[in-house]
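# Fold and contact review
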Amino acid sequence: MRSLTHLERLEAESIHIFREVVAEAENPVMLYSVGKDSSVMLHLARKAFYPAPPPFPMLHVASGWDFADLLAHRDRTVREYGLRLIVAENEEAEAQGINPFDTGSALYSQAQLTDPLKRALTAHGFDAAFGGGRRDEEKARAKERIFSFRSASHRWDPKNQRPELWNLYNARKAKGESIRVFPISNWTELDIWQYIALEKIDIVPLYFSKPRPTVERDGMILVVDDDRFRLEPGEQPVTRSVRFRTLGCYPLTGATESTATEMNDIIQEMLLATGSERQGRAIDKGQSASMEDKKAEGYF
Amino acid sequence: MNDQSSFRTDALIAEDIEAYLDQHQHKSLLRFITCGSVDDGKSTLIGRLLYDSRMIFEDQLAALESDSAKHGTQGQEIDFALLVDGLAAEREQGITIDVAYRFFTTEKRKFIVADTPGHEQYTRNMVTGASTADLAVILIDARKGVLQQTRRHSYLVHLLGIRHVVLAVNKMDLVGYDQATFDAILADYGAFAASIGITDFTAIPISGFKGDNITSLSANTPWYQGPALIEHLENVEVDAAAAQGAPFRMPVQWVNRPNLDFRGFAGQIASGTIRPGDAVRIVPSGKTSTVKTISTFDGDLSEAVAGQSVTLTLADEVDCSRGDLIAAAGDPPQASDQFCATFVWMDEEALKPGRGYWLKLGTQTVTATVQAPKYEIDVNSLEHLAAKTLGLNAIGVAEFATDRPIAFEPYETNRQLGGLILIDKFTNATVAAGMIAFNLRRADNVHWQPTAITRDDHAGMKNQRPRVLWFTGLSGSGKSTIANEVEKQLFLMNRHTFLLDGDNVRHGLNRDLGFTEADRIENIRRVGEVAKLMADAGLIVLTAFISPFRAEREMVRAMLAQGEFIEIFVDTPLEVAEARDVKGLYKKARSGQLKNFTGIDSPYEPPEHPEIRVNTVDMTPEEAARYIIDRILPLK
């Protein structure tokens, strides 16, 4: 007898979910944010359909304020694995005067992330979208199903979720409705890192520490990723050895000071850390139920 | 943080991360469910497990402290329950109302906890959480002992096939850690458990609030020899050996065909072990072959076991697609279209016996009908009650019939191949979860009788294409009149027809049926079967039935070949039909003498996309008949 490890069981479950969706949906897509969870998702998708390539495109919602390293990693990955990439963005952001410095976080995430995502899903007629959400991230996520239904206007109704029993997923939906599917629902942040280490998955270098130009604001260390970063009067970028636990728009994502330059160092830091990974994200702050409200609106 | 009771060795993480990771890569996974009544302290226990396993970070702890002051029920102390009560609305009510999944890890295992509510009306949530659990922790408030809810939860745990049960006698601090109290509860529960078939359980006296016997044995209960809760959860054997020792079965999820040289069958192994060279049989077709390779991204495997997701290639070109099952050639599972199952109803709209639902089992999706339940099970008294249907959260036993044979195992043999869900064909809601008890017939004995004269021969001889012209509409809309007229005109065109009329069929074939919803469904099902046989005989069949429900009309459509079912909506407004009142029925219905009358106190669901719609206000019956015939030409 051979006993499966927890990572083997999680992997088998995620692969099963990927295949169910491809078998039952007409036009699936994978939300690809290029972060560590997306990298694990892509790896699982490649395993699920091997030797065929993943039979769906990748959709990246780019805010226009993405880290340069992240975009470079995205383009390299797409090339290397022969993936189809769709980039969704709000092309009118500049004309609308929306930017991460002046716009409030609610409006910013709505205009730059949620709306372009919804527009892209509708425009391409995707009826199923894989997302990298994990139930350990946030309380509202803990109760979301693996197959999560969205009305034609992409709304989530937390009171009207389908029960999910055994490994049976009901993917039936009316015309116009779509499903968001979370194949790594049952993974934790630690599982993700262990799996990345074990499977030697290539991730964005921003997760590893190196000297970067930074400023400190509202208790967050921000990296001055390009010359669009608006410095306050008297502010001078300082070189610090920093890395990221989670990646969003660079002017809104806090870095942590660190000396972790290798995978094991990162895991060690994470295990000994005292703050949750979402602590570095300006978008999640505010009332504790706010993620639930955003999800009802269509945020991933 | 809580260093005494936390079960993580931070020293090892700090000193030798490689050793730590190596150890953690070989951890196993245990999924368990916690069940208890409203105030048994379930959320507090889970919060405690998360806290002690250091799964709570400082920012979360800060939020918890401020939440505890706002909504907490523990005075100045941290209310662990707030950690796990997720959605905003329920947090305000102070009640958990859904299934939530939590995660924590120790040196030996990763745990996934399904947290489900103790409310009476939420059987559905508990069944959902239990379906994936290896173990159940049943909480009892030491002050209250075994309650009705305890019995209900234990029954559901047993019904869902969970073999490992922990009886956590909680709030021991509130009974002064009294051994006699614990022993009395143990004896009481033991007698009940044995009566429902739970032969083995582990009882542990705990306090989730104070932390007694959670991570280590408590000095407050010197009379208790162990194990502590975590120790037990870490060491309990999961049933991997049993699953791997069973005969091989893998439902095919997806056929992987990237190029002409590769044809792989992807799926997750439900039971057994497989190696290249093993003989396999495809169920239900019965074709055999041998495994050529077990292909994965990480290379070909020499062996794969239950639980793994793999892709198999076979030595022969056999027909095999999604919904088929690859099984050990010498020991395949049964396949049948009739079986008996225990099921839990999960939808607001009650079961409609005889109606077609989608049934999903493994990767098979078929149409299934459920007979009226043999009985309903009262989850409190466990008595068998007579029942005509099942409503939300009710549990019953009934016979199921599917439109084609499916491969399965009894649920107690294999959860993956014995568990099924029913899906409403119109709302797409998951309406029931079922557990197959036994096969109602040996499908090996059931073969379609091959006939020498085919249905094409029958139709060819009559020089026509068989059709079922299905007239639907309110009582008094003119269905029978128009159908009669259509038949007359077809007769003049030398066509072989037969008219099945609602009233006439009810005098003979269906005289045992009344007008309840269930009887109406059965009425239409029988008419559909008769119409199908007549169509097989080559006839053009006309039927005139109110047939008020879309689902039944669609059921008949599904019985027939593509294009043979012509739905004709006799679209007469209620006011017009009621004004005509040819048989005086509307008057009786309005005065209450006639119950369940369509359009008055029973609904009529108009067709959404009928092949033909006729308007009887502007057309005479003759014109309507001509209009219909024009639309079904050519007849051959």
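These numbers were taken from a predicted model, which means no experiment stands behind them. (Residues numbered from 1 in each chain as written. Chains lettered and ligands numbered in written order. Predicted model: local features only at pLDDT ≥ 70, side-chain atom pairs only at ≥ 80, totals over all residues. Heavy atoms only, no water.)

### Things to note about helix H7 (residues 189-199) of chain A
All names here are of chain A. Of all 11 residues in H7, eight are buried, a share of seventy percent or more. If you check which residues of H7 are buried, you get Glu189, Leu190, Asp191, Ile192, Trp193, Gln194, Tyr195 and Ile196. Taken from the residues just after H7, Lys200 is the one with a positive phi, measuring 50 degrees. (Buried < 20%, exposed > 50% of the residue type's maximum accessible area, 1.4 Å probe, protein only. Helix = DSSP H or I, 4+ residues; strand = E, 2+ residues; numbered from the N terminus.)

### Focus on the interface of chain B and chain A
Between chain B and chain A, the residue contacts involve 91 residues of the former and 70 residues of the latter. Here chain B is connected to chain A by eight salt bridges. Between Lys47 of chain A and Asp298 of chain B there is a salt bridge, with its nearest N and O atoms 2.9 Å apart. Joining chain B to chain A, the criterion identifies 26 residue pairs in polar contact (both at pLDDT 80 or more). Its residues placed into classes, the side of chain B that touches chain A shows 41 nonpolar, 30 polar and 20 charged. (Contact = heavy atoms within 4.5 Å. Salt bridge = Lys/Arg side-chain N within 4 Å of Asp/Glu carboxyl O. Polar contact = N/O pair within 3.5 Å; in protein donor to acceptor, adjacent residues only side chain to side chain. Nonpolar A, V, L, I, M, F, W, Y, C, P; charged D, E, K, R; others polar.)

### What to know about the packing of helix H14 (residues 479-492) of chain B against helix H20 (residues 621-632) of chain B
Residues and elements named next belong to chain B. Running from amino to carboxyl end, H14 crosses H20 at an angle of 60 degrees, the nearest separation of the two axes being 8 Å. Between H14 and H20, the angle is such that the two are oblique. Once H14 is placed against H20, the crossing between them reads as right-handed. Between H14, through Thr481, Ile482, Glu485, Val486, Gln489 and Leu490, and H20, the contact on the second element is made entirely by Pro621, Glu622, Ala624, Ala625, Arg626, Ile628 and Ile629. Considered class by class, the residues forming the contact of H14 with H20 number eight nonpolar, two polar and three charged. (Axes fitted to C-alpha atoms, helices over the stretch in contact; angles between N-to-C directions. Parallel < 35°, antiparallel > 145°, perpendicular 65-115°, else oblique. Left-handed = near helix turned anticlockwise from the far one by under 90°.)

### Quick word on the confidence of the model for chain B
Residues and elements named next belong to chain B. Confidence in the prediction for chain B averages 86 pLDDT; 89% of positions are at 70 or higher. In this model residues 91-96 is a low-confidence stretch, pLDDT under 50, and it forms 15 contacts with partners more than four residues away in sequence or in other chains. Scored below 50 in pLDDT, residues 445-450 makes one contact in the model with residues more than four places away or belonging to other chains. Under the prediction, the complex receives an ipTM of 0.90, its pTM being 0.79. (pLDDT = per-residue confidence, 0-100.)

### Here's the deal with the packing of aromatic side chains
Aromatic ring pairs are reported here in terms of the distance separating the ring centres and the angle at which the planes meet. Inspection of every chain in the model, using the stated rule, returns 32 aromatic pairs over all chains. Look at Phe147 of chain A and Tyr169 of chain A: their rings are 4.8 Å apart centre to centre, the planes differ by 5 degrees, and that puts the pair in the stacked class. One end of the pair, Phe147 of chain A, is in strand S5 (residues 147-150); the other, Tyr169 of chain A, is in the loop between S5 and strand S6 (178-181), and 22 residues separate them in sequence. Judged by relative accessible area, which is 3%, Phe147 of chain A ranks as buried. Taking relative accessible area as the criterion, Tyr169 of chain A reaches 3% and is therefore assigned buried. A ring pair is formed by Trp345 of chain B and Tyr357 of chain B, whose centres lie 5.8 Å apart and whose planes are at 70 degrees; its orientation type is edge-to-face. Placement of the pair is Trp345 of chain B in strand S16 (residues 334-345) and Tyr357 of chain B in strand S17 (residues 356-361), with a sequence separation of 12 residues. (Phe/Tyr/Trp six-rings, centres within 6.5 Å; stacked < 30°, edge-to-face > 60°.)

### Focus: the sheet that holds strand S7 (residues 210-217) of chain A
Residues and elements named next belong to chain A. Strands sit in the order S8-S7-S9-S10 across an open sheet of four strands; the sheet is antiparallel. At either margin of the open sheet sits one strand with a lone partner, and together these are strand S8 (220-223) and strand S10 (256-257). Bridge analysis of S7 against strand S9 (residues 238-243) gives five bridges, and the strand direction is antiparallel. Bridge assignment links Thr214 to a residue of S9, and that residue is Val238. (Pairing = 2+ DSSP bridges.)

### Some details on the pattern of salt bridges
Residues and elements named next belong to chain A. What the rule picks out here adds up to 47 salt bridges over all chains. Across the salt bridge formed by Asp37 and Lys36, the nearest N and O atoms sit 3.8 Å from each other. What makes Lys36 buried here is its relative accessible area of 2%. Note that Arg245 is salt-bridged to Glu189, the shortest N-O span being 3.0 Å.

### Structural notes on the sheet that holds S5 of chain A
Residue and element names in this part refer to chain A. Taking strand neighbours across the sheet as the criterion, the six strands line up as S3-S2-S1-S4-S6-S5 in an open arrangement whose pairing is mixed. Here the strands that pair on one side only, and so sit at the sheet edges, are strand S3 (85-88) and S5. Strand-to-strand, the axes of this sheet are offset by a mean angle of 30 degrees, without reference to chain direction. Pairing of strand S2 (residues 58-61) with S3 involves four bridges; the strand directions are parallel. Bridge pairing in S3 links His60 to Val87.

### Here we look at the environment of Ser131 of chain B
Within the secondary structure, Ser131 of chain B is located in helix H7 (residues 123-131). For the pair Ser131 of chain B and Ala429 of chain B, spaced 298 residues apart in sequence, the C-alpha separation works out to 18 Å. Once you skip the residues sitting within four places of it in the chain, Ser131 of chain B turns out to touch Glu164, Leu165 and Trp166 of chain A together with Leu160 and Arg415 of chain B.

### Focus: the pairing of S8 of chain A
Neither face of S8 of chain A is left uncovered, since the one carrying Met220 and Leu222 of chain A and the one carrying Ile221 and Val223 of chain A both have all their residues buried. Hairpin connection from S7 of chain A to S8 of chain A: two residues lie between these consecutive antiparallel strands, with Asp218 of chain A at a positive phi of about 45 degrees.

### Section: the nonpolar core
In terms of nonpolar packing, the biggest core is built from 77 residues, with Phe18, Met30, Phe56, Phe147, Trp187 and Trp193 of chain A touching the most fellow members. Membership of the second largest hydrophobic core comes to 76 residues, among which are Leu156, Leu160, Phe182 and Trp223 of chain B. (Core = buried A, V, L, I, M, F, W, Y, C linked by side-chain atoms within 4.5 Å.)

### Side note on unusual backbone geometry
Residues and elements named next belong to chain B. Following Gly226, the chain continues into Pro227 via a peptide bond in cis, with omega recorded as 0 degrees. Mapped onto the elements of the fold, Pro227 is located in the loop between strand S6 (202-205) and helix H10 (229-235). In this structure, the amide linkage connecting Val283 to the following residue, Pro284, adopts the cis form with an omega of 10 degrees. For Pro284, the location among the structural elements is in the loop between strand S11 (279-283) and strand S12 (288-295). In this structure, Asn213 is a non-glycine residue whose phi angle is positive, near 55 degrees. Relative to the helices and strands, Asn213 resides in the loop between S6 and H10. Its relative accessible area of 0% is what places Asn213 among the buried residues. Phi angles above zero are rare outside glycine, and Asn393 is one such case at about 75 degrees. Along the chain, Asn393 falls in the loop between strand S20 (384-385) and strand S21 (395-408).

### A word on a negative patch on the surface
On the surface, a cluster of negative charge is contributed by Glu262 of chain A together with Glu15, Asp16, Glu18 and Asp22 of chain B. Locating Asp22 of chain B in the fold gives a position in helix H2 (residues 17-25). For Asp22 of chain B, a relative accessible area of 44% translates into the label partly exposed. (Patch = residues over 30% accessible without salt bridge, like charges linked within 9 Å, V, L, I, M, F, W, Y side chains within 5 Å. Areas by Shrake-Rupley, 256 points an atom, 1.4 Å probe, with all protein chains shown as cover. Lys, Arg positive; Asp, Glu negative; His and termini not counted. Charge placed at Lys NZ, Arg CZ, Asp CG, Glu CD.)

### What about the side chain of Asn523 of chain B?
For Asn523 of chain B, the location among the structural elements is in helix H16 (residues 517-536). Excluding its chain neighbours within four sequence positions, the residues that come into contact with Asn523 of chain B are Arg506, Asn510, Leu513 and Phe545 of chain B.

### A word on the environment of Asp191 of chain A
Tracing the chain through its elements places Asp191 of chain A in helix H7. Taking relative accessible area as the criterion, Asp191 of chain A reaches 3% and is therefore assigned buried. Taking the C-alpha atoms as reference points, Asp191 of chain A and Leu10 of chain A, separated by 181 residues in sequence, lie 8.9 Å from one another. Residue contacts for Asp191 of chain A: discarding those within four places in its chain leaves His6, Leu7, Leu10 and Asn186 of chain A together with Lys110 of chain B.

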